Amino acid sequence: MDAVYIILTSSLFAISCGLLGCFLILRKMAMVGDAISHAVLPGIVIAFLITGTRDSFEMIIGAALLGILCTFLIEFFNKKAKLQTDAAIGVTFTSLFALGVILISVFAGQVDLDQECVLYGEIAYVPIDLWISDSGQNMGPKALYVSALTLIVNILFIRVGFKQLYLTTFDPAFAATTGISVALWNYLLMGSVSMTTVAAFDSVGAILVVALLVAPPATAYLLTDNFKKMMLITCGIAIIISILGYYLAVLLDGSIAGAVVTVAGILFGLAYLFSPSSGILLKRINQKKEAEKLAMPKV
């Protein structure tokens, strides 16, 4: 049963990250997910210091606010200070992440967080971190409920704002002419990434959640040119890497989260080589066949 809990939690988080990652990749903002996943750290600490609780809701709000601030600073440095996007991302997330590390070290006696926990997480602990009701009934792993709620919120967000997200992703200029606020939907998307990131902290950690934001949708991107199919393929890949990653970790007696991302990387490599439309090897084989046809003497 522990394996089911771990695989299910991993799948739900991977799907949540992957769906948002589809928009990030097509907006050429994949590394913004990396920035936000690090920049939310001070928001988590500040939320704890203000509320005095480690409840997920307060931490998610703090992380979302810092994620939006991170996005605002990146846009500000890029447009106002004329920094390149990659430089703006680097300056912003390193500064905010460093601030978070300082806050943790200064208030280490008050905040039940540490740098290693934030960076790596541990999904193997999911089955033992249980939700016990007031009556003493075992309701199952807390992370399972958090991951399910996170996925539901993300699906509702995408479903309600799909038209706006789609237009601001593929043609922001046209979206602006139709009255859609490109900046607003950009901030809403980044807020969702922030909330998903902090919700996944305990399970996969900030660094590994970046891989889940990028690897499954990047793999799906190589397999199809249809956006809705890309989202569906991303969900399928999220489930596959969770299952195979868990059993790879059991086989090697290693980190489950690391194994999940390793499998994601392997699947991306296979898609890069063998994708029907974008595969490098298949392209070369087809080119070779075409060259042979052209070289054949005409009868």
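Residues numbered from 1 in each chain as written. Predicted model: local features only at pLDDT ≥ 70, side-chain atom pairs only at ≥ 80, totals over all residues. Heavy atoms only, no water.

Visitor: Even after reading the chapter, I still don't get the environment of Ala-124, so can you show me in this structure?
Guide: Along the polypeptide, Ala-124 turns up in the loop between α6 (115–120) and β1 (130–132). Along the backbone, Ala-124 and Ile-256 are 132 residues apart, and their C-alpha atoms lie at a distance of 6.8 Å. Excluding residues within four positions of it along the chain, Ala-124 makes contact with Ile-6 and Ile-256. (Helix = DSSP H or I, 4+ residues; strand = E, 2+ residues; numbered from the N terminus. Contact = heavy atoms within 4.5 Å.)

Visitor: Explain the packing of aromatic side chains to me, please; I cannot follow it from the model alone.
Guide: The description of an aromatic ring pair uses the distance of the two centres, along with the angle that the planes make with each other. All told, the structure shown has ten aromatic pairs when counted by the stated rule. With a centroid separation of 5.6 Å and 85 degrees between ring planes, the pair formed by Phe-170 and Phe-227 is classed as edge-to-face. Placement of the pair is Phe-170 in helix α8 (residues 162–170) and Phe-227 in helix α12 (residues 227–252), with a sequence separation of 57 residues. A residue is classified by how much of its surface remains accessible, and Phe-227, at 6% relative accessible area, is buried. A network of ring pairs unites the aromatic residues Phe-23, Phe-162, Tyr-166, Phe-170 and Phe-227 as a single cluster. (Phe/Tyr/Trp six-rings, centres within 6.5 Å; stacked < 30°, edge-to-face > 60°. Buried < 20%, exposed > 50% of the residue type's maximum accessible area, 1.4 Å probe, protein only.)

Visitor: Please explain the layout of surface pockets as it appears in this structure.
Guide: Leftover empty space is mapped by rolling, across the atoms, a probe with the size of a water molecule. Within this model, the second largest pocket holds a volume of roughly 490 Å³. In terms of lining, the second largest pocket is formed by 20 residues, of which the most central are Met-29, Glu-75, Lys-79, Val-182 and Asn-186. Breaking the lining of the second largest pocket down by element, the ones donating at least two residues are α4 (56–79), α8 and α10 (182–199). With seven residues, the top contributor of residues to the lining of the second largest pocket is α4. (1 Å grid on protein atoms, 1.4 Å probe; cavity = no way out; pocket = protein on both sides within 12 Å on 5 of 7 lines; lining within 4 Å. Points joined across faces, edges and corners; volume = space filled by probe spheres on them.)

Visitor: Any chance you could explain the environment of Val-40 here in plain terms?
Guide: Secondary-structure assignment places Val-40 in the loop between α2 (30–39) and α3 (41–51). A C-alpha to C-alpha distance of 8.1 Å links Val-40 and Leu-65, two positions 25 residues apart in sequence. Not counting chain neighbours up to four residues away, the residues in contact with Val-40 comprise Ala-63, Leu-66, Gly-67, Ser-194, Thr-197 and Phe-201.

Visitor: It is not clear to me how the packing of α8 against α10 should be interpreted in this structure. Could you clarify?
Guide: If you want to describe how two helices pack, look at the angle between their axes and the distance between the axes. Here α8 crosses α10 at 110 degrees, and the two axes come no closer than 10 Å. For the element pair α8 / α10, the angle class is roughly perpendicular. Judged by residue contacts, Gln-164, Leu-165 and Thr-168 of α8 engage Val-182, Trp-185 and Leu-189 from α10. When grouped by side-chain class, the residues that make up the contact of α8 with α10 number four nonpolar, two polar and no charged. (Axes fitted to C-alpha atoms, helices over the stretch in contact; angles between N-to-C directions. Parallel < 35°, antiparallel > 145°, perpendicular 65-115°, else oblique. Nonpolar A, V, L, I, M, F, W, Y, C, P; charged D, E, K, R; others polar.)

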